[in-house]
Structures are given as C-alpha cells and as structure tokens.
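# Survey of secondary and tertiary structure
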Amino acid sequence: MSWQLRCLNLVLKHLARPRLQRVGEPALARAEFERFARVAFHRPPFLTHINDAGGMARISCGASKARRIVLYLHGGAYIAGSAKSHAAMLGRLSRLSGVEVCAPDYPLAPEAPFPQAFEGALAAWQALMAQGYRPRDIVIGGDSAGGGLALALLSHLCTTGTPPAALFAMSPWTDLTLASESLHTNADRDPFLPVERIRELIAYILPEGGEAADPRLSPLFGAFPDCPPVLLHYGETEILRDDSRRMGAHLREHGAELREEIHPSAPHVWHLFDGWIPEARASLQDIAGFVRAHL
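Below is a summary of the structure that appears in this document. Treat the numbers as computed from the prediction; the structure is a model and nothing was measured.

A few words on the sheet that holds strand β6 (residues 166-170). Spatially, the eight strands line up as an open sheet ordered β1-β2-β4-β3-β5-β6-β7-β8, and their pairing is mixed. Each of the sheet's edge strands pairs with one partner strand only, and the pair in question is β1 (47-51) and β8 (258-263). Strand-to-strand twist in this sheet, taken as the mean axis angle between neighbours without regard to direction, amounts to 20 degrees. Across five bridges, the pairing between strand β3 (residues 69-73) and strand β5 (residues 138-143) is parallel. Paired with Ile69 across the two strands is Ile138, which belongs to β5. This element, helix α3 (residues 87-97), spans β1, β2 (56-61), β3, β4 (100-104) and β6 of the sheet and lies at about 50 degrees to β2.

Let us look at empty space enclosed by the protein. Applying the stated criterion across every chain, the model contains one cavity of 30 Å³ or more. Empty space within the largest cavity amounts to approximately 60 Å³. Here the lining of the largest cavity is built from residues that sort into 11 nonpolar, no polar and one charged.

Let us look at helix α2 (residues 26-40). Look at α2: 20 Å from first C-alpha to last across 15 residues, which is about the 21 Å you get at 1.5 Å a residue. Of all the positions in α2, only Pro26, Ala29, Arg30, Glu32, Glu34, Ala37 and Ala40 are classed as buried. Contacts from the buried residues of α2 go to α1 (3-22) and α7 (198-205).

What follows concerns the pattern of salt bridges. One pass over the structure, following the stated rule, counts 17 salt bridges. Among the charged side chains, a salt-bridge network with shared partners connects Glu236, Arg241, Asp242 and Arg245.

We now examine α3. Of all the 11 residues making up α3, nine are buried; the element is thus mostly covered by neighbouring parts of the structure. Every buried residue of α3 is listed here: Ala87, Ala88, Met89, Leu90, Gly91, Arg92, Leu93, Ser94 and Ser97. Packing partners of the buried residues in α3 comprise β1, β2, β3, β4, β6 and α9 (278-294). Looking one or two residues beyond α3, the residue adopting positive phi is Gly98, at roughly 70 degrees.

Now for the state of the cysteines. Overall, the coordinates contain zero disulfides when judged by the stated rule. For Cys61, which is in no disulfide, the shortest distance to another cysteine sulfur is to Cys102 and amounts to 17 Å. A disulfide-free cysteine, Cys227 has its sulfur positioned 4.5 Å from the sulfur of Cys158, the nearest such atom. Given a relative accessible area of 12%, Cys227 falls into the buried group.

On to the nonpolar core. Ranked by internal contacts, the top residues of the largest apolar core, which has 102 residues, are Tyr78, Phe168, Trp173, Ile205 and Leu251. Those residues in contact with Trp173 that lie beyond four places of it in its chain are Ala77, Tyr78, Ser144, Ala145, Gly148, Ile198, Leu201, Ile202, Ile205, Leu240 and Asp243.

On to the pairing of β5, then. With six of its six residues buried, β5 lies for the most part within the structure. Side chains of β5 alternate between two faces, with Ile138, Ile140 and Gly142 and Val139, Gly141 and Asp143 buried alike. Inspection of the sheet shows β5 paired to β6 by five bridges, in the parallel sense. Residue pairing across strands places Gly142 opposite Ala169, the latter belonging to β6.

Running from N to C, helix α4 (residues 116-130) and helix α5 (residues 145-159) point in directions that differ by 60 degrees, and their axes come no closer than 10 Å. By crossing handedness, the relation of α4 to α5 is classed as right-handed. Together, Ala117, Phe118, Ala121, Leu122 and Trp125 of α4 and Leu149, Ala152, Leu153, His156 and Leu157 of α5 make up the contact between the two elements. In terms of residue class, the contact of α4 with α5 is made up of nine nonpolar, one polar and no charged.

Quick look at the packing of aromatic side chains now. Any pair of aromatic rings gets described here by the distance separating the centres and the angle formed by the planes. For the structure on display, the rule yields six aromatic pairs. Relative to Phe273, the ring of Phe36 has its centre 6.5 Å away and its plane inclined at 70 degrees; by these criteria the two rings are edge-to-face. Of this pair, Phe36 sits in helix α2 while Phe273 sits in the loop between β8 and α9; the two residues are 237 residues apart in sequence, bridging distant segments of the chain. Given a relative accessible area of 32%, Phe36 falls into the partly exposed group. For Phe273, a relative accessible area of 4% puts it in the buried group. With a centroid separation of 5.5 Å and 80 degrees between ring planes, the pair formed by Phe41 and Phe273 is classed as edge-to-face. In this pair, Phe41 is assigned in the loop between α2 and β1 and Phe273 in the loop between β8 and α9, connecting sequence segments 232 residues apart. There is no split in this pair, since Phe41 and Phe273 are both buried. An aromatic cluster is defined as three or more aromatic residues linked by ring pairs; in this entry it consists of Phe33, Phe36, Phe41 and Phe273.

Here is what the cut-offs are and how they apply
Residues numbered from 1 in each chain as written. Predicted model: local features only at pLDDT ≥ 70, side-chain atom pairs only at ≥ 80, totals over all residues. Heavy atoms only, no water. Pairing = 2+ DSSP bridges. Helix = DSSP H or I, 4+ residues; strand = E, 2+ residues; numbered from the N terminus. Axes fitted to C-alpha atoms, helices over the stretch in contact; angles between N-to-C directions. Contact = heavy atoms within 4.5 Å. 1 Å grid on protein atoms, 1.4 Å probe; cavity = no way out; pocket = protein on both sides within 12 Å on 5 of 7 lines; lining within 4 Å. Points joined across faces, edges and corners; volume = space filled by probe spheres on them. Nonpolar A, V, L, I, M, F, W, Y, C, P; charged D, E, K, R; others polar. Expected span 1.5 Å × (residues − 1). Buried < 20%, exposed > 50% of the residue type's maximum accessible area, 1.4 Å probe, protein only. Salt bridge = Lys/Arg side-chain N within 4 Å of Asp/Glu carboxyl O. Disulfide = S-S within 2.5 Å. Core = buried A, V, L, I, M, F, W, Y, C linked by side-chain atoms within 4.5 Å. Left-handed = near helix turned anticlockwise from the far one by under 90°. Phe/Tyr/Trp six-rings, centres within 6.5 Å; stacked < 30°, edge-to-face > 60°.

As structure tokens, then:
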C-alpha cells in the first residue's frame, strides 16, 4: 500500500465517512457529491465532455478508436452522481484505452425510483444501437450502484441474445436484499461507506411493495446465458466486498470468462482518485487494457 493510499483512507475515515453518516435528504447528498467531485477528482488535460440532446455525455481524451465505445453507468447509490461527477476518471480511462466513453445521466431516486434507472440504462443502449453501433462494438462499465446497473443490463442483453463485447465493474452493488456477509464483517473496516444508512437508501430506491431481488435491481439473481468476458475490481475491506465475490461466483456458474482483481486495502471505487493515489492509475490501466483487448 502506498503512503498516498494510507493518507486517503485516513481522510475518508475521519472526514468523508462521518459526513455520509450525517448528510440529510438525497438532494443535499447529490449536491455535496458534485461539489466534492469538482475538488477531489483530477481531470486529465485535453478532456472533451460533450452532452447530446438525449442526455448522453460523450467523454474522450485524445484520439479515440472509430465506431467503438464504452457505455458507462456512474455510481452514487442510485440517488447521486452524474456524467459530470465521473468525467475526470472517465477521461483518464478514455486516454488509456483509446476509446470514447458514453455516460448517460440515468434517472435518480427518490424522484425516479426503481425501475427507472434500469429503463434509462436500457434506453442508452438502444440509443447506441440506433446510432449504428453493434453489440460487439460496445464494452459496458460501471461503478458501485452503476456497476450493479451495468450487470443488470448485461443480464437483460444476454437473455435477449444481444450481449456486448465485454463488461467491467468497480465495486458493484449487486444485491439489494442485503444478504452479503461483508455488510456486517466489514462494517468497521470500510473507510468510506457507512453501512448503517443502507436500508434508508433502499427505501428511497425501491417503491413500497417492490421486490429487492428483481434482477433489474439485484443482478446477483439474474441469468447470464452466453455471457461475454467480465472484469470485477473490488476491495477486501469494503462493505460491498461480498456483493462482488458472490457475483463472480454466480457468473462462473453461467460459464462466464471472469477475472477478479481484489485490492487488500483500497476504498470503495478507489479508481475515482486517479492523480492522488498510484493504485487508481494502475487499476485504470488494467481496465483500459481489458477494454482494448475486447474492442
């Protein structure tokens, strides 16, 4: 572990996590995350961020491979986050991979509860199809809730016979039934996410009477026939560690070609801190290599 990562974990533990424990309504959390992103996440030089009329941000940094694209679904617990908050990391990923990134601003809860985020992700895929992309031209990616959403979209595409070229997910949230053991065993180890607010989050996301095990929300319960290659990145100390671990086992049961990269001490979606910790750059380079290999 680098000294930079040690410092980051201390800052998250003593400043960011206590703030997440106290922050009020989702609109406030959303605004605070956007402000944090502007200060904390380093934008690479020559980053281009263009929003089209359909709410689909196009992010690139340098020359991009023609007619190949990453469809990226941002994290933020389904209540926060945007293409803008993740643009710095996605710009770096674009530069490292040589591939343009499409990052839709899908609907957020509680204003737009389940299944509207899934419908927004599916609409983004369909928009790329309408623009002339083929499934094999697209790698799907996502982090945290967006990683779970990416896997939910993958399940749908596998069952309809139109899977993408590949998928990567960073610290995905895959089981909203809250059955993962690491929610309890890592409650005090996770330097970033406070587990005590997770049920409150689900109340915002899932309408009364909704089913948390619906595969459009919890892809751990989805089917993945003829699954393309999948790369999972997650941390050993995360409260969502077992969401990734169990997801990996589930994908293997469906015959997926799966690779897991497990960091012993990095926080939830450490990739966002590119420019601060060397572990973030190394992990983004790994993902970029995966994207290049499958496009």
